[in-house]
Amino acid sequence: MMTEEKNLRKEAVALSYNQTNSNAPKVIAKGKGKIADNILEQAEMHHVPIHQDSTLVELLGQLDLNESIPEELYQAVAEVFAFIYRLDQKYESFQKEKH
């Protein structure tokens, strides 16, 4: 996830969710400026979808690394994961059509 607004430094937060190891997604990377650029570059290199939501990034940016997201953010993060799931499904369908 990322945000970019005029006169503000770019900020990014990366989440990870492993259903077998955790009850909630965790913050695995976060940063501003060049660190945010690096997080976004890594996401693009590894074909990880990027979702822009400045409010959510601001809230998630307050968490520590490896900290699970609080229950208050479950709904917002679930919507992001649903968005990513839909993208994955479209990508898989597209790949099947190509072959």
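Refer to the preceding data block for the structure.
Residues numbered from 1 in each chain as written. Predicted model: local features only at pLDDT ≥ 70, side-chain atom pairs only at ≥ 80, totals over all residues. Heavy atoms only, no water.

## Describing the overall build of the protein
Argument step 1. Assigned secondary structure in the protein consists of three helices and three strands.
Argument step 2. Mapped from its N terminus to its C terminus, the protein presents α and β elements in the order β-β-β-α-α-α.
Argument step 3. Its C-alpha atoms put the protein at 45 × 30 × 20 Å along the principal axes.
Argument step 4. Taking all 99 residues of the protein together, the buried fraction comes to 27%.
Argument step 5. Put simply, of all contacts in the protein between residues at least 6 apart along the chain, 56% involve residues at least 24 apart.
Argument step 6. Side chains of the protein give 11 positive and 16 negative charges; the mean places of these two sets differ by 5 Å. (Helix = DSSP H or I, 4+ residues; strand = E, 2+ residues; numbered from the N terminus. Buried < 20%, exposed > 50% of the residue type's maximum accessible area, 1.4 Å probe, protein only. Contact = heavy atoms within 4.5 Å. Lys, Arg positive; Asp, Glu negative; His and termini not counted. Charge placed at Lys NZ, Arg CZ, Asp CG, Glu CD.)

## Quick look at the packing of aromatic side chains
Argument step 1. Scanning the model with the defined rule gives one aromatic pair in all.
Argument step 2. Ring centres of Tyr 17 and Phe 81 lie 6.3 Å apart, and the angle between their planes is 55°; this geometry places the pair in the tilted category. You can see Tyr 17 sitting in the loop between β2 (11-16) and β3 (26-32) and its partner Phe 81 sitting in helix α3 (residues 74-98), a full 64 residues away along the chain.
Argument step 3. By relative accessible area, Phe 81 is classed as partly exposed at 29%. (Phe/Tyr/Trp six-rings, centres within 6.5 Å; stacked < 30°, edge-to-face > 60°.)

## Section: the pairing of β2
Argument step 1. The element β2 is largely enclosed, with a buried count of five among its six residues.
Argument step 2. As paired elements, β2 and β3 share six bridges and run antiparallel to each other. For Ser 16, the partnering residue across the bridge sits in β3 and is Lys 26. (Pairing = 2+ DSSP bridges.)

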